[in-house]
Amino acid sequence: MHFKKHNWLVKDIKELPKVMHEAFKVATTGRPGPVLIDIPKDIQFAKTNYTKFKKEKKLNGKIHNKFSENEINQLIDLISKAKKPVVYTGGGVINSGPQASETLKEFVRLIGFPITSTLQGLGAFPGDDDQFIGMLGMHGTYEANNAMHDCDLLINIGARFDDRITGKIDEFSPKSKKVHIDIDPSSINKIIKVDLAIVGDVNEVIKSAIKKINKKQNGLKNSNNQRISKWWDQIQKWRTKDSLGFINSDIEIKPQHAVKRLYELTKNQDTFITTEVGQHQMWAAQHYKFNKPNRWMTSGGLGTMGYGLPAAVGVQIAHPDKLVIDIAGEASVLMTIQEMSTAVQYNLPIKIFILNNQYMGMVRQWQELLHEKNYSESYSEALPDFVKLAEAYGCKGIKADNPNELDDKIKEMINYKGPVIFDCHVDPNENCFPMIPSGKPHNQMILGPSDKEENKITGKGKSLV
């Protein structure tokens, strides 16, 4: 079981209290991750005295901060010389705790640099802020991916340079000095070689950098603004491409429009969003703007279909008075639909917002773009009636298939005091763009249907998906 950080087999009941505390410590310190405690049947029936745990002042403490003052000075020197910089953040900022997001905001405001984020880092920096240039990667914005490619300084804060971000590795950000700040030393120089590695809790590293910058008599922001003004001009030109744009319809609901309306109608509440995996997940990441950390729960890495519904159950239990919505696909949600009984049993008012296009959408999109429209097993011909399914579980079912009724139906979902399954029928042929074709560098994106021929995916690129 290689997905966990550590495991224990308890052979003596007297060891159980110590193992339990040690397990929580390992799971939550450094780079957080799952652990396993194997408790055999004989130990489960045995008894012992509980040994109280001596709580440490800070679990994610100084033992993981191995950075030096010299490394912070090198970082500031690179910041002070950059003409085309970009800050690239990931889930490590979220994992560091809410204070890290506040520190990140202060840092980015101080240096005046554009900032982008991975899928798992969304919410660490406000999604509606002008310095935020959108998510990067396979389905990231035109401006974010081009900024990463053309920059002369790349500051990676708590991200891992995974393949969905880098595209073709040997053409990734070819002209930049690269800085990697991460609590996990094994993540550094693993995929992309960097010029400056700083090992430590990202919150502590950024705080140290802010202190140093503020000690400088003139600071950096004014000089940075002058030096990178042309860079910002270029980013604004890229923004005019409107890479997340789509052709809306007054006949059928476009999935992007559905997510945008959901955002507009929920943005004034403290809303928690979970997702399943597929096109709907990417549309949610692109069109729902997150301004706080830990408001976006999604499965990255393994990409586990069925994650969103049970995740919504957990989030609702943790935040009983908050609005919790699972933006789902009709195929993914069926993986764990039985958990609706849990929601009903415990009166958890989760909202399951299904973008129903009758396809495993991302599979269909790849079959269209990579396999000359040779569709196989991606169409779902025998789907349940989700309204009747909701009623069978004892919760509310809502269906929308006309753009004119969408807002009223979403409001009905939000205002209902109980679990809801919302069946939103969307255009079945809509694809998720932008998209970096496999085998291409991250500045070569398909921006929409008219762009497909120019960036056609052929040969080696097909095998890399």
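Please read all numbers here as calculations on a predicted model, not as lab measurements.

Brief notes about the sheet that holds strand 8 (residues 196-199)
Strands belonging to one sheet form pairs held by backbone hydrogen bonds; the direction of such a pair is parallel or antiparallel. Here we have six strands laid out as an open sheet, ordered 5-4-3-6-7-8, and parallel in their pairing. The two strands at the open ends of the sheet, each matched to only one other strand, are strand 5 (132-135) and strand 8. Within the sheet, the average angular offset between the axes of one strand and its neighbour, ignoring direction, is 15°. Two elements, strand 3 (residues 85-89) and strand 4 (residues 115-117), share three bridges in a ladder whose sense is parallel.

Topic: the packing of aromatic side chains
What the rule picks out here adds up to eight aromatic pairs. Note on Y263 and Y288: the rings are 5.0 Å apart at their centroids and 75° apart in plane angle, and the pair reads as edge-to-face. Taken together, the residues Y263 in helix 11 (residues 255-266) and Y288 in the loop between helix 12 (279-287) and strand 10 (296-297) connect sequence positions 25 residues apart. Classification of Y288 by relative accessible area gives buried; the value is 5%. Feature note: the residues Y263, Y288, F290 and W296 constitute an aromatic cluster, connected by ring pairs. Above the ring of Y359, the side-chain terminus of R364 is found at 5.6 Å from the ring centroid. One Lys or Arg, K396, reaches over the ring of Y416 and ends 5.5 Å from the middle of that ring.

Some points on the pattern of salt bridges
A side chain with one charge can pair with a side chain of the opposite charge if their charged atoms come near. Across all of its chains, the model carries 18 salt bridges by this definition. The partner of E264 in a salt bridge is K267, with the nearest N and O atoms 2.8 Å apart. Between R364 and E368 there is a salt bridge whose closest N-O contact spans 2.9 Å. With R364 and E368 both in helix 16 (residues 361-370) and four residues apart, this pair spans about one turn of that helix. For the pair R364 and E368, one class covers both residues: buried.

Digging into the layout of surface pockets
If you add up the space inside the second largest pocket, you get close to 560 Å³. Elements supplying a minimum of two residues to the lining of the second largest pocket: strand 5, helix 11 and helix 12. Broken down by element, the lining of the second largest pocket gets its largest block of residues, four residues, from strand 5. For the lining of the second largest pocket, the residue count by class is ten nonpolar, ten polar and nine charged.

Here's the deal with the pairing of strand 11 (residues 323-329)
The buried count for strand 11 comes to seven of seven residues, which makes it a mostly enclosed element. Relative to strand 11, strand 9 (residues 271-275) runs parallel, the two being bridged by five bridges. Paired with T275 across the strands is I327, a residue of strand 11. Bridge count for strand 11 against strand 12 (residues 351-356) is five bridges, and the pairing is parallel. From the neighbouring strand, I325 faces strand 12, where its bridge partner is K351.

Regarding the nonpolar core
Formed by 89 residues in total, the largest nonpolar core has its most connected members in F107, I157, F353 and M413. When neighbours within four sequence positions are excluded, M413 is seen to be in contact with L262, I325, K351, F353, I398, V420 and F422. Counting residues in each nonpolar core, the second largest holds 21 residues, with L309, I337, A343 and I352 among its members.

Some points on the sheet that holds strand 11
The strand order 10-9-11-12-14-13 describes an open sheet built from six strands, whose pairing is parallel. Each edge of the sheet is formed by a strand with only one pairing partner; in this case those strands are strand 10 and strand 13 (396-400). Sheet strands in contact with helix 11 are strand 9, strand 11, strand 12 and strand 14 (420-425), and its direction is about 155° off that of strand 12. The strands touched by helix 12 are strand 9, strand 10, strand 11 and strand 12; relative to strand 11, the strand with the most contacts, the crossing angle is about 135°.

Digging into the confidence of the model for the protein
Chain-level pLDDT for the protein is 91 on average; 93% of the residues reach the 70-or-more range. Between residues 459-465, whose pLDDT stays under 50, and residues either more than four places distant or in other chains, the model counts ten contacts.

About the criteria used
- Residues numbered from 1 in each chain as written.
- Predicted model: local features only at pLDDT ≥ 70, side-chain atom pairs only at ≥ 80, totals over all residues.
- Heavy atoms only, no water.
- Pairing = 2+ DSSP bridges.
- Helix = DSSP H or I, 4+ residues; strand = E, 2+ residues; numbered from the N terminus.
- Axes fitted to C-alpha atoms, helices over the stretch in contact; angles between N-to-C directions.
- Phe/Tyr/Trp six-rings, centres within 6.5 Å; stacked < 30°, edge-to-face > 60°.
- Buried < 20%, exposed > 50% of the residue type's maximum accessible area, 1.4 Å probe, protein only.
- Lys NZ or Arg CZ within 6 Å of the ring centre and 35° of its normal.
- Salt bridge = Lys/Arg side-chain N within 4 Å of Asp/Glu carboxyl O.
- 1 Å grid on protein atoms, 1.4 Å probe; cavity = no way out; pocket = protein on both sides within 12 Å on 5 of 7 lines; lining within 4 Å.
- Points joined across faces, edges and corners; volume = space filled by probe spheres on them.
- Nonpolar A, V, L, I, M, F, W, Y, C, P; charged D, E, K, R; others polar.
- Core = buried A, V, L, I, M, F, W, Y, C linked by side-chain atoms within 4.5 Å.
- Contact = heavy atoms within 4.5 Å.
- pLDDT = per-residue confidence, 0-100.

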